[in-house]
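Listed below are the residues making up each chain.
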Amino acid sequence: MKKLLVSSPAIDFPRVLIFLTKWAKAGLPTIAYLWAIACLSPIVVVAQNTIGGVKTTIPEAEVKRQSQFLVAERERLLNHNDKALELYKKFTYDNPDVDAGWYGLARTHTALKDLPNALQSIGKAVTLAPENRWYSIFQAEIFEKVGRLSEAVEVYENLLKRFPETPEFYEQLAYLSLQNEDPKRALKALDKWENLVGVNEEIAFKKHVVYVGLGDAKKAAIELKKLCDTHPNEMKYREDLAAFYDKIGDKVNARATYDEILRRDADNPVARMALAGAQGSSDAAKLGAMRPLFDDPKVPIDEKIKAVMPYFQKMTNGGDAALTQILLDLAVLLEKNHPEEAKAWSLSGDLFYHANRPADALERYRRCIQLNPTVFAVWDNALSLLVAQKNYDEMLRTAERAMDAFPNQPKVYFYYGVAANILGHSGDALAQLEQGLLMTANNTSLRLDIVDQIGLALMGKKDFAGAVTRFEQSLARGGDQHPGILEHLGDALSLQGQAAQAVEYWKKANAIHHSNGLELKISSGKL
């Protein structure tokens, strides 16, 4: 039995070295690995081995070589990559025939983002130990990173010759082949994978997507149909197949598939909604046929929303009055049958908003926020409606709640600032606007809107000189194209008695956005 002549317990050093090296290659947990290396950290200079009752001494050079490798690997695992690099360079220079050293050097080069040298090092490891799958996998990984996809594909094809019953290798080969714009090779890999493990959802959907990309709708449908045949009682696969037929305009097969779904599951909401939507010649008529389903609380709300969305887009693009009315009728049915679902009120609010019924929309956004205050778009819509209504008291309260819910959303600070300025709370407005300004990043439009409100807040505090300074500082950063900043800079200058300069800025503002108020200022030369 081999023993290390140190104060630690007896350790079979060569076996532990092999174990640790395999552990590292397999990517297994690092904490225990580091602990084991720490146990071997003392510099070991001599060991003895007993074989058949005869004591033999392990050469000092061999023990030092093993220790040298472990110290290099320890530094790499501790992310001391610069130090590990020097240690691995020395190790591979001294021991050019040790594959694990080149593998460690390759991983270190990769951590330091030196991929050309990483590729060179892993190539040497593969040459020295071609039977080691982990080396080849890592080599393919680097090939992919540097864009040498054909070589990455070749690595996996060679791996599959040696390990033909490894499903993940087929999956990776298919992925790399697609990346390499070779879908036919990808399909061959997926076919072999399927032959190995049988028909399953993951493979079928991957093949379906590839065939869709190739424009072969027939074969794409066959992949979905295989899932239906393999899992005849799984309605989701039939729903996907029917939806695909609908998408490619094959109404006959779509109808037949939906009918088959209802034969197996008479209450299936997807099939019922699809067949109802197929009735009628106009959009309004198709939606009208869905009314009984929208009035059925047992039909999931998500299916109802999915059915409405294509028509919602038509409505926002200027749909006819009949379409708008049926959409609003369905929205009311959503509210009635799903009163505790925030998404019902959100969609309903959006529909009333685009139907130019802002008061009704706001009422629904309030309810949605009450049920689920985590969706910023709903707050944003509600606040914009409160601006339009000039309901600044509620706007201030709502914006304050929105700041609590979304402290990193600069737009809510803008809304708060607008309301606070108008209500005469200039100090509060200034504090929140300055905070919001710090978060605008590259949102130039919002940044300028906030600067405009900051200037107004300063003017509200009678700090006209400070307002002029803030406005003027923004001119070189887009403020010279912001009509609000230009007009309010003119206002601040006018209040300082600089009438001629004020008129110039009012004229610039009026050229961008004409208004009767500006015309009056320009003609009178004063506020």
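As the structure is a computational prediction, the values presented were derived from the model and not from experiment. (Residues numbered from 1 in each chain as written. Predicted model: local features only at pLDDT ≥ 70, side-chain atom pairs only at ≥ 80, totals over all residues. Heavy atoms only, no water.)

### Observations concerning the overall build of the chain
- Scanning the chain for helices and strands turns up 30 helices and 3 strands.
- Within the chain, buried positions represent 44% of all 527 residues.
- Considering only contacts within the chain whose residues lie at least 6 apart along the sequence, 48% involve residues at least 24 apart.
- Entry remark: accessible area of the chain is about 26,900 Å², with carbon and sulfur atoms responsible for 53%. (Helix = DSSP H or I, 4+ residues; strand = E, 2+ residues; numbered from the N terminus. Buried < 20%, exposed > 50% of the residue type's maximum accessible area, 1.4 Å probe, protein only. Contact = heavy atoms within 4.5 Å. Areas by Shrake-Rupley, 256 points an atom, 1.4 Å probe, with all protein chains shown as cover.)

### As for the side chain of Lys 304
- Among the secondary structure elements, Lys 304 is positioned in helix H18 (residues 301–316).
- Among buried Asp, Glu, Lys and Arg side chains, Lys 304 stands out as unpaired, with Asp 296 the closest opposite charge at 6.3 Å.
- With near-sequence residues (within four places) excluded, Lys 304 lies in contact with Met 273, Leu 293, Phe 294, Asp 296, Pro 297, Val 299, Leu 334, Asn 337 and His 338. (Lys, Arg positive; Asp, Glu negative; His and termini not counted. Salt bridge = Lys/Arg side-chain N within 4 Å of Asp/Glu carboxyl O.)

### Section: a positive patch on the surface
- A contiguous patch of positive charge, built from Lys 184, Lys 188, Lys 192 and Lys 219, is present on the exposed surface.
- With 3 residues, helix H10 (residues 183–197) is the largest single contributor of residues to the positive patch.
- By the element assignment, Lys 192 lies in helix H10. (Patch = residues over 30% accessible without salt bridge, like charges linked within 9 Å, V, L, I, M, F, W, Y side chains within 5 Å. Charge placed at Lys NZ, Arg CZ, Asp CG, Glu CD.)

### Here we look at unusual backbone geometry
- The phi dihedral of Asn 79 falls on the positive side, at around 65 degrees, and the residue is not glycine.
- Examined against the element boundaries, Asn 79 turns out to sit in the loop between helix H3 (60–77) and helix H4 (81–94).
- Notably, Lys 390 is not glycine yet its phi reads approximately 60 degrees, a positive angle.
- With respect to the helices and strands, Lys 390 occurs in the loop between helix H22 (376–389) and helix H23 (392–405).
- Overall, Lys 390 belongs to the exposed group, its relative accessible area being 61%.

### Points about the packing of aromatic side chains
- Considering all chains together, one arrives at 9 aromatic pairs under this definition.
- Plain terms: the ring middles of Phe 376 and Phe 406 are 5.3 Å apart, the flat faces sit at 70 degrees to each other, and that makes the pair edge-to-face. Here Phe 376, found in helix H22, pairs with Phe 406, found in the loop between H23 and helix H24 (410–422); they are 30 residues apart in sequence, far enough to count as distant.
- Assessed through its relative accessible area of 16%, Phe 376 is described here as buried.
- Of note, Arg 107 hangs over the ring of Phe 138, and the distance from its end group to the ring centre comes to 4.4 Å.
- The ring of Phe 163 has Arg 133 lying over it, and the distance from NZ or CZ to the ring centre is 4.0 Å. (Phe/Tyr/Trp six-rings, centres within 6.5 Å; stacked < 30°, edge-to-face > 60°. Lys NZ or Arg CZ within 6 Å of the ring centre and 35° of its normal.)

### Examining helix H20 (residues 342–354)
- For H20, built from 13 residues, the straight-helix expectation of 18 Å at 1.5 Å per residue is met to within 8% by its first-to-last C-alpha distance of 19 Å.
- Among the residues making up H20, those that are buried are Ala 342, Ala 344, Trp 345, Ser 346, Leu 347, Ser 348, Gly 349, Leu 351 and Phe 352.
- In this structure, the buried residues of H20 make contact with H18, helix H19 (321–337), helix H21 (358–371) and H22.
- Phi turns positive one or two residues past the end of H20, at Asn 356, with a value near 60 degrees. (Expected span 1.5 Å × (residues − 1).)

### Side note on the nonpolar core
- Ranked by size, the top nonpolar core spans 84 residues in total, and within it Leu 287, Met 290, Phe 294, Leu 327, Leu 351, Leu 383 and Met 395 carry the most contacts.
- Among residues more than four places away in sequence, those in contact with Leu 383 are Met 395, Thr 398, Ala 399, Ala 402, Val 412 and Tyr 415.
- Core analysis: the second largest hydrophobic core is formed by 57 residues, Ala 118, Phe 163, Val 210 and Leu 227 among them. (Core = buried A, V, L, I, M, F, W, Y, C linked by side-chain atoms within 4.5 Å.)

### A short note on the environment of Ala 431
- Positionally, Ala 431 belongs in helix H25 (residues 426–437).
- Separated by 14 residues in the primary sequence, Ala 431 and Gly 417 place their C-alpha atoms 8.7 Å from one another.

### Quick notes on the layout of surface pockets
- Its volume calculated, the largest pocket comes out at about 730 Å³.
- Residue lining of the largest pocket: 22 residues in total, with Ala 243, Asp 246, Tyr 258, Met 273 and Ala 274 positioned closest to the centre.
- Contributing elements (two or more residues each) for the lining of the largest pocket: helix H13 (235–247), helix H14 (251–264), helix H15 (269–277) and H18.
- Tallied by class, residues from the lining of the largest pocket come to 12 nonpolar, 1 polar and 9 charged. (1 Å grid on protein atoms, 1.4 Å probe; cavity = no way out; pocket = protein on both sides within 12 Å on 5 of 7 lines; lining within 4 Å. Points joined across faces, edges and corners; volume = space filled by probe spheres on them. Nonpolar A, V, L, I, M, F, W, Y, C, P; charged D, E, K, R; others polar.)

### A closer look at H18
- Along its 16 residues, H18 runs 21 Å from first to last C-alpha, staying within 8% of the 22 Å computed at 1.5 Å per residue.
- The sharpest bend along H18 reaches about 35 degrees and sits at Met 309, with the proline Pro 310 one to four residues further on.
- Taken together, the buried positions of H18 are Ile 301, Glu 303, Lys 304, Ile 305, Ala 307, Val 308, Tyr 311, Phe 312 and Met 315.
- In the core, the buried residues of H18 are packed alongside H15, helix H16 (283–289), helix H17 (291–294), H19 and H20. (Bend = angle between axes of the 7 residues up to and from the residue.)

### Topic: the packing of helix H26 (residues 444–460) against helix H27 (residues 464–475)
- For the pair H26 and H27, interaxial distance at closest approach is 7 Å and the crossing angle is 165 degrees. The angle between H26 and H27 places the two elements in the roughly antiparallel class. The two elements H26 and H27 meet at a crossing, and its hand is left-handed. Seen from H26, the contacting residues are Leu 448, Val 451, Asp 452, Ile 454, Gly 455, Leu 456, Leu 458 and Met 459; seen from H27, they are Phe 464, Gly 466, Ala 467, Arg 470, Phe 471 and Ser 474.
- By residue class, the composition of the contact of H26 with H27 is 9 nonpolar, 3 polar and 2 charged. (Axes fitted to C-alpha atoms, helices over the stretch in contact; angles between N-to-C directions. Parallel < 35°, antiparallel > 145°, perpendicular 65-115°, else oblique. Left-handed = near helix turned anticlockwise from the far one by under 90°.)

### Some words on the confidence of the model for the chain
- Put simply, the chain has an average pLDDT of 90, and 89% of its residues get 70 or more.
- Per-residue pLDDT stays below 50 along residues 1–21; that stretch engages in 40 contacts with residues further than four places along the chain or on separate chains.
- Here residues 27–48 is modelled with pLDDT under 50, and outside its nearest four sequence neighbours on either side it reaches 49 contacts, counting other chains as well. (pLDDT = per-residue confidence, 0-100.)

### A closer look at the pattern of salt bridges
- Evaluated as defined, the whole model comprises 35 salt bridges.
- The salt bridge partner of Glu 75 is Arg 74, with a shortest N-O separation of 3.7 Å.
- What makes Arg 74 partly exposed here is its relative accessible area of 23%.
- Here Lys 343 makes a salt bridge to Asp 302, at a shortest N to O gap of 2.9 Å. Within this pair, whereas Lys 343 is found in helix H20, its partner Asp 302 is found in helix H18, the two being separated by 41 residues in sequence.

### Description of the packing of H22 against H23
- Running from N to C, H22 and H23 cross one another at 160 degrees; their axes reach a closest spacing of 9 Å. Classified by the interaxial angle, the pair formed by H22 and H23 is roughly antiparallel. In this structure, H22 crosses over H23, and the sense of that crossing is left-handed. Counted together, Trp 379, Leu 383, Leu 386 and Val 387 of H22 and Tyr 392, Glu 394, Met 395, Thr 398, Ala 399, Arg 401, Ala 402 and Ala 405 of H23 form the full contact between these two elements.
- For the contact of H22 with H23, a count of residues per class yields 9 nonpolar, 1 polar and 2 charged.

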